[in-house]
Amino acid sequence: MCWPLASATLSLVNDRAASGLAHILVVEDEPSIRQGLCDVLTYRGYAVDSADNGRDALAKGEQGQFDLIVLDIMLPELDGLSVCRSLRSNNREVPVLMLTAKGDEQDVLNGFDAGADDYVTKPFSVRELLARVQALLKRNSRLSTAAFRAGPFEVLPERGCARSNQTQVELSAREIAILRLLTDDPGRIVSRRTLLRDVWGMSNAGAVETRTVDVHIAKLRKKLGLEAAQLLETVRGQGYRWCDSSH
Ligand code: CA
């Protein structure tokens, strides 16, 4: 097999300081691929644990200490889709990156259906894998506790509130996550689908769910008052965007 991991790890050594110490679980029964994944992620600076079958993967995943799970679909004892479904039914919201067979679209659809967040197809490049890993970790860190600005407000996630010179309003964790996603990149249109995926963790959204977003946005606007509410713009047919470019 021509697997590019060994040579690629060398060029990644210089980057290792760039990543955090997120804890990743690698689930793969093929020893060479599992070892390659563990090596490359370790070199990249992640704390890595591994499992070679679905039952172990589920047991480890249930302990809840992972920031991300890289999950193969074809596994002994319990397949990856069942592992993912079980984690989700037990309210484990850990991001799951599926490894799927090349050209097997049904794998991808089944993966999303089981609650996976993203996928890479085998054989994958190290660069692609790391890009997906980083994107998922970043998405998840939107739930982090650091304060941020939203127009006239300073939003304080740990206190569950937003403060301006004039006022203080209480916000739910979900409202804070919505604000963080929108203010992260002012001017960028964020679709309802993206909001549902990143804030609610839903990968298959229908009409009922998209209305949920609208209801939350309306409530948020009311709480923030006129000045901030005007910054949270509806883009007809597309989604929402934060219009304040002053920060
Ligand atoms: Ca396998």
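Up top you'll find the structure we're talking about.
Rules of the game
- Residues numbered from 1 in each chain as written.
- Predicted model: local features only at pLDDT ≥ 70, side-chain atom pairs only at ≥ 80, totals over all residues.
- Heavy atoms only, no water.
- Donors = N, O, S within 2.8 Å, 3.2 Å for Na, K, Ca; no water.
- Core = buried A, V, L, I, M, F, W, Y, C linked by side-chain atoms within 4.5 Å.
- Buried < 20%, exposed > 50% of the residue type's maximum accessible area, 1.4 Å probe, protein only.
- Helix = DSSP H or I, 4+ residues; strand = E, 2+ residues; numbered from the N terminus.
- Pairing = 2+ DSSP bridges.
- Axes fitted to C-alpha atoms, helices over the stretch in contact; angles between N-to-C directions.
- Contact = heavy atoms within 4.5 Å.
- Phe/Tyr/Trp six-rings, centres within 6.5 Å; stacked < 30°, edge-to-face > 60°.
- Polar contact = N/O pair within 3.5 Å; in protein donor to acceptor, adjacent residues only side chain to side chain.

*Asks:* Can you walk me through the coordination of the calcium ion in this structure?
*Replies:* Think of it this way: four donors in a tetrahedron around the metal ideally sit 109.5 degrees apart, and six in an octahedron ideally sit 90 or 180 degrees apart. Here the calcium ion is held by Asp29 (OD), Asp72 (OD) and Met74 (O), and the distances to it run 2.1 to 2.3 Å. In the primary sequence, the donor residues of the calcium ion line up as D-x42-D-x1-M.

*Asks:* Help me understand the nonpolar core, please; the structure alone is not making it clear to me.
*Replies:* Most often, soluble globular proteins keep nonpolar side chains buried together rather than apart. With 27 residues, the main nonpolar core has Val155, Leu171, Ile178, Leu179, Leu182 and Leu195 as its most contacted residues. Broken down by secondary-structure element, the contributors of at least two residues to this core are strand 6 (148-150), strand 7 (153-156), helix 7 (173-183), helix 8 (192-200), helix 9 (207-231) and strand 12 (239-242). Grouped together as the second largest cluster of nonpolar side chains are 21 residues, Tyr46, Val70, Phe124 and Leu129 included.

*Asks:* When you look at the sheet that holds strand 9 (residues 168-170) in this model, what are you seeing that I'm missing?
*Replies:* Each strand in a sheet pairs with another by means of backbone hydrogen bonds, the pair being arranged parallel or else antiparallel. Here four strands make up an open sheet; going across it, the order is 6-7-8-9 and the pairing antiparallel. Among the strands making up the open sheet, the edge pair consists of strand 6 and strand 9. Pairwise comparison of adjacent strand axes, ignoring direction, gives a mean angle of 30° for this sheet. For strand 6 and strand 7, the ladder comprises three bridges, and the chain directions are antiparallel. Pairing of Ala150 across the sheet is with Phe153, part of strand 7. Where helix 7 meets the sheet, its contacts fall on strand 6, strand 7, strand 8 (161-163) and strand 9, and the angle it forms with strand 6 comes to roughly 85°.

*Asks:* Which parts of the structure should I look at to understand the sheet that holds strand 1 (residues 23-27)?
*Replies:* Taken in spatial order, the five strands make up an open sheet running 2-1-3-4-5, and their pairing is parallel. Sheet topology places strand 2 (47-51) and strand 5 (118-122) at the edges, where each strand pairs with a single neighbour. For this sheet the average axis-to-axis angle between neighbouring strands, irrespective of direction, equals 20°. By the bridge criterion, five bridges tie strand 4 (residues 96-101) to strand 5 in an arrangement that is parallel. Counted as the bridge partner of Leu97 is Asp118 from strand 5. Here helix 2 (residues 31-43) sits on the sheet in contact with strand 1, strand 2, strand 4 and strand 5, set at roughly 170° to strand 2.

*Asks:* What is the right way to read unusual backbone geometry from this model?
*Replies:* If a residue is not glycine, its phi is most likely negative; likewise, a peptide bond is most likely trans. Cis geometry is adopted by the peptide bond preceding Pro123, which originates at Lys122 and carries an omega value of -10°. Located in the positive-phi region is Glu77, a residue other than glycine, with phi close to 75°.

*Asks:* Before we go on, may I ask you to explain the packing of aromatic side chains in this structure?
*Replies:* Both the distance between ring centres and the angle between the ring planes are used here to describe each pair of aromatic rings. Following the criterion strictly, the structure yields one aromatic pair and no others. Taking 6.0 Å as the distance between ring centres and 80° as the angle between the ring planes, the aromatic pair formed by Phe112 and Tyr119 counts as edge-to-face. With a relative accessible area of 29%, Tyr119 lands in the partly exposed category.

*Asks:* In this structure, what is going on with the pairing of strand 12? I would like to understand it.
*Replies:* Two faces, one strand: in a regular strand the side chains alternate between the faces of the sheet. Examined bridge by bridge, strand 10 (residues 190-191) and strand 12 share two bridges and lie antiparallel to one another. Along strand 12, the bridge assignment pairs Ser191 with Gly239. Note that strand 11 (residues 232-235) and strand 12 share four bridges and pair antiparallel. Note that in strand 12 the partner of Thr234 across the bridge is Tyr240. Between the antiparallel neighbours strand 11 and strand 12 lie three residues, among them Gly237 with a positive phi of about 75°.

*Asks:* Mind showing me how you'd approach the environment of Lys122 here?
*Replies:* In this structure, Lys122 sits in strand 5. Between the C-alpha atoms of Lys122 and Gly103, which are 19 residues apart in sequence, the distance is 9.1 Å. Not counting the four nearest positions on each side in its chain, Lys122 is found in contact with Glu28, Ile33, Asp72, Leu99, Thr100, Ala101 and Lys102. At 2.9 Å, the side chain of Lys122 forms a polar contact with the side chain of Glu28. Here the side chain of Lys122 touches Asp72 through a polar contact of 3.1 Å, side chain to side chain.

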